[in-house]
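As a plain string of letters, each chain reads:
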Amino acid sequence: MKSAVETLNPTRVRLTVEVPFEELKDSLDAAYKKINQQVTVKGFRKGKIPARVIDQRFGRGAVLEEAVNDALPKFYTEAINEADIDPLGQPEVDITELKDGETLNFTAEVDIRPAIEIPDYSGIEVTVDALEVTDEDVEKAVEELRERFASTSPVERAAADGDVITVDLEAKVEGEVLADGVAEGVTYTIGSGELLDGIDEAVTGLEAGGEATFASQLKGGSAAGKDAEVTVKVTTVAQRELPALDDDFAQLASEFDTLEELKADSRKRLAGMKQYDQATQAQERVLEELLKLVDVPMPEKLLADEINTRKHNLEHHQLGQMGLDLAKYLEIQGKTEEEFDAETKDAAVKGIKTQFILDELVSREKLSVNQEELTEHLMRRAASSGMSPDQFAKAVVEGNQVQVLVGEVARGKALALVVESAKVTDSNGEVVDMSDDEDEETVEAAAETVEAVVDADAEKGEEKAGA
């Protein structure tokens, strides 16, 4: 076999391959064997039909077509390896010449991973929010905990803000009751904003048995986004009673003996959360600066496929679950289709560019992923998908996606490496130490940051730019 490579542009090549006919022998034998198992010829046992009879009855062309289809992937792979190129996606193959007994010639055009030059990134500087936990933050956290331990008791009075009520609901659109617009026994806390717009005003002042009608835009279901006339009937009214903020509450709600110990622990937890948020913010902003530094040629077909994938996932997964179509979604968002297309393209370009740059850094810095890091990543992905670690691991192995997860962790390590070399300053002018790039939690946070940019649908766990 002989092959040659022609560079069409920085992201696409054409392979020209010449295969001597004798190299098709194994595929020809396999083709005759396959046809033998599929056809019946009177006078011959199945599987024992001579090659000459198959040629006479079904045509040599059918055999050649089967043999070429079998052989092409092998010769294409050999040509790719010989040329030492990194293909993206499936090639466009054209058989230019097929002479029985002489030669098979074909061309294959395919997108390739572009060569990328990454300049010195040690001069990147970003500013992040200061890590501050105020007394108000602590009080809010303790109050939220207190809310979780609230009790309720029925009252015989009109419903007021903060009360817990049980209601029956009926929604009509254009005078017709929706098939999925009736609900009974719904528990709702007045003022929480967890149901329909307008319900707080409608139920406030009603006693058990009271009824009211109000207008609201539906948030989900078959008529999501449409204006509806909603009838609400209050069946019970209960008053929420919060426990006193004292040492007894601390012992009830936590492992601590005193309220001061509980507050100190809340402050510590909030500081940890804010530190994590600060690190994530640093990663996002450093990544933005890194993307500005590197010029990445964009493979046209890969970009088109990524844009289509993002649109498909939005329309058929996310919006479908919400009962919305794209037109209604754009109406709610206040966007035109042109604006949506431009935003989708920008996101796809950013995702592909991010993956190419970080993959290049992984290769250049010879970053590897150990079993502990992979296990930590797998457990987080399992949790986000709603599956158990064992279920998720089995799905990953059966789908041949192990290397995809390895790639996600490796890109996280690459981003953590860049963040470590950057100058990160908080809004108070203090330098933030981001040097702990080998910490598992730091790497995992960076991997999550990268996934949010790269993946059109992270839940699918698919490689979007060809591992």
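Residues numbered from 1 in each chain as written. Predicted model: local features only at pLDDT ≥ 70, side-chain atom pairs only at ≥ 80, totals over all residues. Heavy atoms only, no water.

Per an unreviewed UniProt entry, the protein chain goes by the name Trigger factor and belongs to Streptomyces yaizuensis. Under Catalytic activity (unreviewed entry), UniProt gives the following word-for-word description of the protein chain: "[protein]-peptidylproline (omega=180) = [protein]-peptidylproline (omega=0)". Its UniProt record gives the protein chain the following Sequence similarities (unreviewed entry) comment, quoted word for word: "Belongs to the FKBP-type PPIase family. Tig subfamily." (UniProt positions renumbered as here; feature names shortened; annotations may be inferred.)

**A word on the overall build of the protein chain**
When you go through the protein chain residue by residue, the secondary structure sums to 14 helices and 11 strands. When its C-alpha atoms are laid out on the principal axes, the protein chain stretches across 95 × 60 × 45 Å. Scored against the burial criterion, the 467 residues of the protein chain give a buried share of 40%. Averaging the coordinates of the 50 positive side-chain charges in the protein chain and doing the same for the 103 negative ones gives two points 10 Å apart. (Helix = DSSP H or I, 4+ residues; strand = E, 2+ residues; numbered from the N terminus. Buried < 20%, exposed > 50% of the residue type's maximum accessible area, 1.4 Å probe, protein only. Lys, Arg positive; Asp, Glu negative; His and termini not counted. Charge placed at Lys NZ, Arg CZ, Asp CG, Glu CD.)

**A word on the packing of aromatic side chains**
For the structure shown, the criterion picks out one aromatic pair. Ring plane angle 90° and centroid distance 6.1 Å describe the contact between F149 and F249, whose orientation is recorded as edge-to-face. Note that F149 is positioned in the loop between α4 (135–148) and β6 (151–154) and F249 in helix α6 (residues 247–253), a separation of 100 residues in sequence. Residue classification places F249 among the buried positions, given a relative accessible area of 2%. (Phe/Tyr/Trp six-rings, centres within 6.5 Å; stacked < 30°, edge-to-face > 60°.)

**Details of a nonpolar patch on the surface**
Nonpolar side chains collect at one region of the surface, where V93, I95 and L98 lie side by side and expose about 210 Å² of accessible area between them. On the accessibility criterion, L98 (34% relative accessible area) is partly exposed. (Patch = residues over 30% accessible without salt bridge, like charges linked within 9 Å, V, L, I, M, F, W, Y side chains within 5 Å. Areas by Shrake-Rupley, 256 points an atom, 1.4 Å probe, with all protein chains shown as cover. Salt bridge = Lys/Arg side-chain N within 4 Å of Asp/Glu carboxyl O.)

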